[in-house]
Each structure stands twice: as structure tokens, then as C-alpha cells.
Amino acid sequence: MNKWFLYNLTVGFSVYWMSNLILWFPWSIHPMLGMTLMLTVSPIIWIISTFLCIRTFPQKNIIIGAVYNSLIFLALSVVMDYVFFGLIRNAMEQLYHPTTFYGYGFVASIPFIVALGFSKIIDKKKRGVRQSDFIQAGIIGLVCFGLLTLIIVLEIEI
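Residues numbered from 1 in each chain as written. Predicted model: local features only at pLDDT ≥ 70, side-chain atom pairs only at ≥ 80, totals over all residues. Heavy atoms only, no water.

Engineer: So what exactly am I meant to see when it comes to the environment of Ile62 here?
Structural biologist: By secondary structure assignment, the location of Ile62 is in helix α3 (residues 62-88). In sequence terms Ile62 and Asp123 are 61 residues apart; their C-alpha atoms lie 9.1 Å from each other. Not counting the four nearest positions on each side in its chain, Ile62 is found in contact with Ile54, Phe57, Ala115, Ser119, Ile122 and Lys126. (Helix = DSSP H or I, 4+ residues; strand = E, 2+ residues; numbered from the N terminus. Contact = heavy atoms within 4.5 Å.)

Here it is, written out as C-alpha cells:
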């Protein structure tokens with residue numbers, strides 16, 4: 001079970017930074033464009049990631065897996081928002097908009113939507129966590145985090 005929790009942390013880290021990287025330039029062009037993408041594209045990424053985590057939940061009851069996944073992804077989102085907006089960008093005033101709280105609610109509810117809506121597919125695709133799962137998620141997360149950090153540090157604009 002510890003391996004599964006670690007996998008959820010790795011995937012959550014990866015998805016968070018991937019979403020922010022994808023939103024960076026559109027949000028820089030106009031906040032409404034960024035918010036629109038945050039409400040359309042980001043949920044798709046979170047849904048796929050949640051599916052990948054829940055299908056590897058080591059117990060039979062995937063609703064319990066959804067609860068754990070929800071708590072992990074929500075906690076990661078809140079902490080990493082503080083790191084990204086507060087520590088890296090020094091822009092906490094940009095963080096707490098209604099869309100941010102919508103995003104938190106959506107991140108918290110996605111695992112239940114996935115578990116209930118895709119339960120038959122999850123049962124068919126159910127498997128354990130593999131080392132390659134960690135490597136893929138970790139590489140994606142580190143690359144996205146690194147690129148976004150470079151964009152901010154080097155002040156790259158479009």
C-alpha cells in the first residue's frame with residue numbers, strides 16, 4: 001500500500017506541474033484564457049491521472065482508493081499552489097480566485113467521478129504499480145517543473 005501512496009504522490013506532483021506549464025502562456029496572454037483552459041484542459045489531465053492511480057489501487061474497493069487519491073491530490077494541490085504562487089512567483093494575490101476553489105473542489109471530486117463512472121474499465125485494466133509507472137510520472141513531473149521554473153527565472157514571455 002505504501003508503494004501505491006508514493007505513486008499517487010508522484011503522479012499528483014507530475015500532473016500539477018504539467019497543468020501549470022500548459023496554462024502558463026495562455027494565462028500570461030489573458031487571465032480569462034488561462035481560466036478557461038484551467039476549467040477545460042486541466043480536468044482532462046487530472047481525470048486521466050486519477051484513472052491511472054485508481055486502477056493500481058491494491059484493494060478491491062476502489063471507492064476507498066478514490067478517497068485516498070482525492071485526499072492526496074487535494075493536499076498536493078494546496079501545498080504546491082503555495083509553493084508555486086507564494087514561494088516561486090511571490091504572487092499569492094493571484095492564487096485565491098473563485099476558479100482556484102472550483103479547481104480544488106474538482107480535484108477532490110474527480111476520483112469519485114472516475115471510480116463510479118469508469119468502474120468497469122478500471123476492473124478490466126486493474127494492475128499493480130510498476131517501477132516504470134514511477135519513472136514515467138517522475139520524469140514528466142520533473143521536466144514540467146524544470147521548464148516552468150526556467151521560464152519564470154529567465155522571465156521568458158511570448
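Engineer: Just to check I follow, could you spell out helix α4 (residues 98-117) for this structure?
Structural biologist: One turn of an α-helix holds 3.6 residues; hence residues three or four places apart share an orientation. With 20 residues, α4 should cover 28 Å at 1.5 Å per step; its first-to-last C-alpha distance of 27 Å lies within 8% of that length. Taken as a whole, α4 carries its principal kink of about 35 degrees at Ser109; the proline Pro111 stands between one and four residues after it. Of all the positions in α4, only Thr99, Thr100, Gly103, Tyr104, Val107, Ile110, Pro111, Val114 and Ala115 are classed as buried. (Expected span 1.5 Å × (residues − 1). Bend = angle between axes of the 7 residues up to and from the residue. Buried < 20%, exposed > 50% of the residue type's maximum accessible area, 1.4 Å probe, protein only.)

Engineer: Just checking my understanding: could you explain α3 for this structure?
Structural biologist: Taking the backbone nitrogen of Ile63 as reference, a side-chain oxygen 3.0 Å away marks Asn61 as the first, capping residue of α3. Directly after α3, the chain includes Asn90, whose backbone phi takes a positive value near 50 degrees. (Polar contact = N/O pair within 3.5 Å; in protein donor to acceptor, adjacent residues only side chain to side chain.)

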